[in-house]
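# Structure assessment
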Amino acid sequence: MNMPVSILEEALTHWKDTRDGLIEEVLVLPAGKFDFRPAPEVRTVRELVRHILEVAMMMTGELTREDTDFHRAPWPKLLKMHAGPAYQAESKSDFVKLLRSQLKDGTQRFRAMGEIGMLQLITNFDGTRGSRLAWFWGGVAHESHHRGQLTVYARCLGIEPALTRAIRGG
């Protein structure tokens, strides 16, 4: 395994690992179950994966701008400004393809921003100041959180989650 050579590369490596795990959880869910929701008030599988993508696309779009501004528009409009492809995806294969391509595009854009750019301070949604990199780590945590939800969805459907399968060597 190659060791990351910078703080940014370490973060990007962790994002890739998180996203790859998320994709594995999506892959264990049958395409015919993408409209499954475990309770009336929660997102379906499709809605949850779309949400993950729209936040990742907004994160990438805003954090890689020289003029990052999370107050550029209200939250729903800010998502729509960056996440057009997420709203076009419908099938399981569309979502998996988009999860992969968004990671590749995002990684390239963050590398182009560079480590110095990612360490610059921005204003967060709540008005506090923090680095782009700190916000990025929140985005990675967001994906990890929702991966956990997908494992619960799988269990509700009687499917063994990908991570459980991997741990037991299956």
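The present account deals with the structure reproduced in this document. (Residues numbered from 1 in each chain as written. Predicted model: local features only at pLDDT ≥ 70, side-chain atom pairs only at ≥ 80, totals over all residues. Heavy atoms only, no water.)

What follows is about the environment of D17. Counting through the fold element by element, D17 comes out in helix 1 (residues 7–28). Along the sequence, D17 and V49 sit 32 residues apart, while their C-alpha atoms lie 17 Å from each other. (Helix = DSSP H or I, 4+ residues; strand = E, 2+ residues; numbered from the N terminus.)

Enumeration over the complete set of coordinates arrives at 13 salt bridges. When the shortest N-O distance is used, the salt bridge between R37 and E47 registers 3.5 Å. With R37 in the loop between helix 1 and helix 2 (45–63) and E47 in helix 2, the pair connects residues that are 10 residues apart, well separated along the chain. A relative accessible area of 34% means that R37 is categorised as partly exposed. For E47, a relative accessible area of 32% gives the class partly exposed. Close ionic contact of R109 with D105 constitutes a salt bridge, the shortest N to O distance being 3.6 Å. Taken as a pair, R109 and D105 lie in helix 5 (residues 92–118) at a separation of four residues, close to a single helical turn. Given the relative accessible area of 34%, R109 is considered partly exposed. (Salt bridge = Lys/Arg side-chain N within 4 Å of Asp/Glu carboxyl O. Buried < 20%, exposed > 50% of the residue type's maximum accessible area, 1.4 Å probe, protein only.)

The biggest cluster of nonpolar side chains holds 24 residues, and the ones touching the most others in it are V26, L29, V45, V49, L53, L99 and L150. Looking at this core, the elements with two or more residues in it are helix 1, helix 2, helix 5 and helix 6 (132–156). Here this core gets six residues from one element, more than from any other, and that element is helix 2. Apart from residues no more than four positions distant in its own chain, V45 is found in contact with L29, K33, F34, F36, L150 and Y153. Within the second largest apolar cluster, 20 residues are counted, among which are M58, M118, I122 and V140. (Core = buried A, V, L, I, M, F, W, Y, C linked by side-chain atoms within 4.5 Å. Contact = heavy atoms within 4.5 Å.)

These values are about where atoms sit, not about what they do.
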